[in-house]
Amino acid sequence: MNIQVGIVEDDRQIRESLAILINGSEGFCCIHTFENAEVAIEEVPTLQLDVILMDIHLPLKDGIQCIAELKPLCPHIQFLMCTSFEDTDSVFKALKTGASGYLTKTTQPSKILDAIEEVFKGGSPMSSHIARKVVASFHYTQVENSELQKLSVREKEILNLLSQGLRYKEIADNLFLSTETVRTHIRNIYEKLQVNSRTEALNKTYPK
C-alpha cells in the first residue's frame with residue numbers, strides 16, 4: 001500500500017518537483033497538492049492522506065497556523081515540515097503545534113523520501129542541524145532552571161535580544177521602551193547574574 005502524501009507549498013516549481021519525486025518512487029503516491037493553507041484546511045479533512053509536507057512561508061495563513069487548524073481535525077495525519085526557515089523559533093513552534101518532523105528545502109530528494117517513510121512509521125525525522133538545535137534547547141533549559149530563573153520575564157526578553165546582537169536602541173524600539181529603561185534592565189541583569197558585560201552574561205546563560 002502506497003503512502004498517501006499531500007503537499008502544501010506556494011512555490012509551483014517546488015510543489016511540482018516534490019510531487020514528481022514522490023510519484024516516481026515506489027511505495028509513495030501524491031495526487032493532492034495545495035498552493036496555500038486556506039485550500040488545504042478546506043480540503044484535507046475530506047481526503048485520505050497519511051503524510052503532509054508543509055511549508056511555513058505561505059501567502060496568508062502560514063504553515064504553522066495550517067497545522068494548528070488541521071491537526072485536531074485529522075489527528076492521524078503526520079505533518080512533516082519542508083521549509084527554508086531554520087530559526088529556532090520556527091522549529092519549536094512547528095513541533096509544538098503538531099509537526100512530527102522538520103526538514104529544510106536543501107534536503108536531498110532521497111532523504112525526503114526516507115523522512116516521509118520514517119514519519120509515517122512513527123518517527124520524527126529532522127535535518128541534522130535542526131536536530132542539533134533541538135538538542136541544544138535541552139542545554140538551554142538546564143541553564144534556565146538555574147541562572148535564567150533569577151531574571152524577570154522582561155529581563156529574559158532583553159537578554160534574548162542581546163544574544164541576537166541588537167543594540168540598546170534597537171532593543172528599546174523592539175519592546176517599545178526607552179533606551180534608558182533598557183539600560184536599567186541590563187544593569188539589573190548584570191547584577192543578578194553577577195557579571196560585568198554582555199559577553200559574560202551571554203556566556204553564562206547561553207552556553208555553546
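Everything that follows concerns the structure shown earlier in this document.
Residues numbered from 1 in each chain as written. Predicted model: local features only at pLDDT ≥ 70, side-chain atom pairs only at ≥ 80, totals over all residues. Heavy atoms only, no water.

**Focus on the overall build of the protein**
Helix and strand content of the protein: ten helices and five strands. Counting only C-alpha atoms and orienting by the principal axes, one finds that the protein spans roughly 60 × 30 × 30 Å. Burial analysis of the protein (208 residues in total) assigns 42% to the buried set. Expressed as a percentage of contacts within the protein between residues at least 6 apart in sequence, the contacts between residues at least 24 apart total 61%. Roughly 11,500 Å² of accessible area belongs to the protein as shown, and the carbon and sulfur atoms make up 50% of that amount. Treating the 22 positive side-chain charges of the protein as one cloud and the 28 negative ones as another, the clouds have centres 10 Å apart. (Helix = DSSP H or I, 4+ residues; strand = E, 2+ residues; numbered from the N terminus. Buried < 20%, exposed > 50% of the residue type's maximum accessible area, 1.4 Å probe, protein only. Contact = heavy atoms within 4.5 Å. Areas by Shrake-Rupley, 256 points an atom, 1.4 Å probe, with all protein chains shown as cover. Lys, Arg positive; Asp, Glu negative; His and termini not counted. Charge placed at Lys NZ, Arg CZ, Asp CG, Glu CD.)

**Some details on the state of the cysteines**
Disulfides are covalent bonds that connect the sulfur atoms of two cysteines. For the coordinates displayed, the defined rule picks out zero disulfides. Unpaired in terms of disulfides, Cys-29 finds its nearest cysteine sulfur in Cys-30, a separation of 7.2 Å. Judged by its relative accessible area of 17%, Cys-29 is buried. Free of any disulfide, Cys-74 has its nearest cysteine sulfur in Cys-66, 9.6 Å distant. (Disulfide = S-S within 2.5 Å.)

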